[in-house]
Amino acid sequence: MSLWEVDLYPLEGQPDLLARRVTAEAATLGLGKVDVQAARGFLIQSGAHSPELKQADIDKIVRELLCDAVVERAVVGRPADAALRKAPAGHEQLVHVLPKPGVMDPVAQSVLSAIADLGLKADAVRTMTKYWFAPLAEEALKLLKAKVLSNDAI
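In short, a report on the structure. All figures in this text were calculated on a predicted structure; none of them were measured in a lab.

## Description of the packing of aromatic side chains
What the rule picks out here adds up to 1 aromatic pair. Positioned over the ring face of Trp4 is Arg78, at 3.9 Å from the centre of the ring.

Structural data, given as structure tokens:
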């Protein structure tokens with residue numbers, strides 16, 4: 001069985017809309033200016049009920065389905081790969097946000113279907129968001145996690 005992670009970051013000079021939302025909501029909570037960078041991402045699993053997806057397959061999925069290369073850059077690898085854990089400069093605190101198991105994930109379902117339309121097969125797809133924070137007090141990060149980054153479905 002194989003698991004791939006695809007992280008999509010805004011290209012330099014492009015707005016980081018996910019980070020802007022967190023920054024605005026942090027200010028509303030009285031936390032002041034919070035320095036954050038964000039990436040939307042996908043976990044793609046294969047090999048349990050389908051052939052294992054190889055690097056070339058994942059590259060095709062990223063190029064043809066997931067990444068808009070005009071405004072985004074993709075970082076692809078296995079979840080333990082160092083490239084996926086490389087923090088943006090000055091942003092060491094990482095928070096992953098995924099839907100709870102059993103919660104509908106229509107974007108993931110669409111991607112799974114689109115992968116099949118490419119002639120490839122995957123067993124499962126999950127969406128996620130990665131938030132990289134510049135050093136932030138633990139209490140402030142805890143408040144952001146509870147009030148901004150999560151809800152009953154996450």
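What follows continues from the structure just given.
## Examining the nonpolar core
Buried together is how nonpolar side chains tend to be arranged in soluble globular proteins. Ile44 and Leu66 are the most contacted members of the largest nonpolar core, which totals 17 residues. Put simply, the parts of the chain that give this core at least two residues each are strand S1 (2-10), strand S2 (36-46), helix H2 (55-66) and helix H4 (106-117). With 4 residues, H2 is the largest single contributor of residues to this core. The contacts of Ile44, once residues within four sequence positions are left out, are Ser2, Leu3, Trp4, Val6, Leu53, Ile58, Ile61, Leu66, Ile115, Ala122, Ala124 and Val125. Val34, Val97, Val148 and Leu149 belong to the second-largest nonpolar core, a separate cluster that totals 16 residues.

## Here we look at the pairing of strand S5 (residues 124-133)
For S5, the buried fraction is high: 8 of the 10 residues fall into the buried class. Here 5 bridges tie strand S4 (residues 93-97) to S5, and the two strands are oriented antiparallel to one another. Each bridged residue has a counterpart across the sheet, and for Val97 the counterpart in S5 is Thr129.

## Quick notes on the packing of helix H1 (residues 17-28) against helix H5 (residues 138-149)
Between two packed helices, both the angle of their axes relative to each other and the distance between the axes serve to describe the pair. Viewed as axis vectors pointing N to C, H1 and H5 meet at an angle of 110°, and their least axial separation amounts to 11 Å. Judged by the angle between their axes, H1 and H5 are roughly perpendicular. Contacts between H1 and H5 involve Arg21, Val22, Glu25 and Ala26 from the former and Leu144, Val148 and Leu149 from the latter.

## With respect to the layout of surface pockets
The computed volume of the largest pocket comes to approximately 240 Å³. Lining the largest pocket are 16 residues, with Tyr9, Pro10, Gln37, Arg73 and Pro88 positioned closest to its centre. Of all the secondary-structure elements, those providing two or more residues to the lining of the largest pocket are S1, S2 and strand S3 (72-77). In terms of residue class, the lining of the largest pocket is made up of 9 nonpolar, 3 polar and 4 charged.

## Brief notes about H4
Along an α-helix, a turn takes 3.6 residues, which lines up residues three or four apart on a common side. The end-to-end C-alpha distance of H4 is 16 Å, a good match for the 16 Å that 12 residues give at a rise of 1.5 Å each. For H4, every residue scored as buried is listed here: Ala108, Val111, Ala114 and Ile115. Projected down its long axis, H4 carries its buried residues within an arc of 125°, all on one side. In H4, the exposed residues that point more than 90 degrees away from the buried face are Pro106 and Asp117. Buried residues along H4 sit against S2, H2 and S5.

What counts as what
Residues numbered from 1 in each chain as written. Predicted model: local features only at pLDDT ≥ 70, side-chain atom pairs only at ≥ 80, totals over all residues. Heavy atoms only, no water. Phe/Tyr/Trp six-rings, centres within 6.5 Å; stacked < 30°, edge-to-face > 60°. Lys NZ or Arg CZ within 6 Å of the ring centre and 35° of its normal. Core = buried A, V, L, I, M, F, W, Y, C linked by side-chain atoms within 4.5 Å. Buried < 20%, exposed > 50% of the residue type's maximum accessible area, 1.4 Å probe, protein only. Helix = DSSP H or I, 4+ residues; strand = E, 2+ residues; numbered from the N terminus. Contact = heavy atoms within 4.5 Å. Pairing = 2+ DSSP bridges. Axes fitted to C-alpha atoms, helices over the stretch in contact; angles between N-to-C directions. Parallel < 35°, antiparallel > 145°, perpendicular 65-115°, else oblique. 1 Å grid on protein atoms, 1.4 Å probe; cavity = no way out; pocket = protein on both sides within 12 Å on 5 of 7 lines; lining within 4 Å. Points joined across faces, edges and corners; volume = space filled by probe spheres on them. Nonpolar A, V, L, I, M, F, W, Y, C, P; charged D, E, K, R; others polar. Expected span 1.5 Å × (residues − 1). Arc of directions from axis to C-beta.

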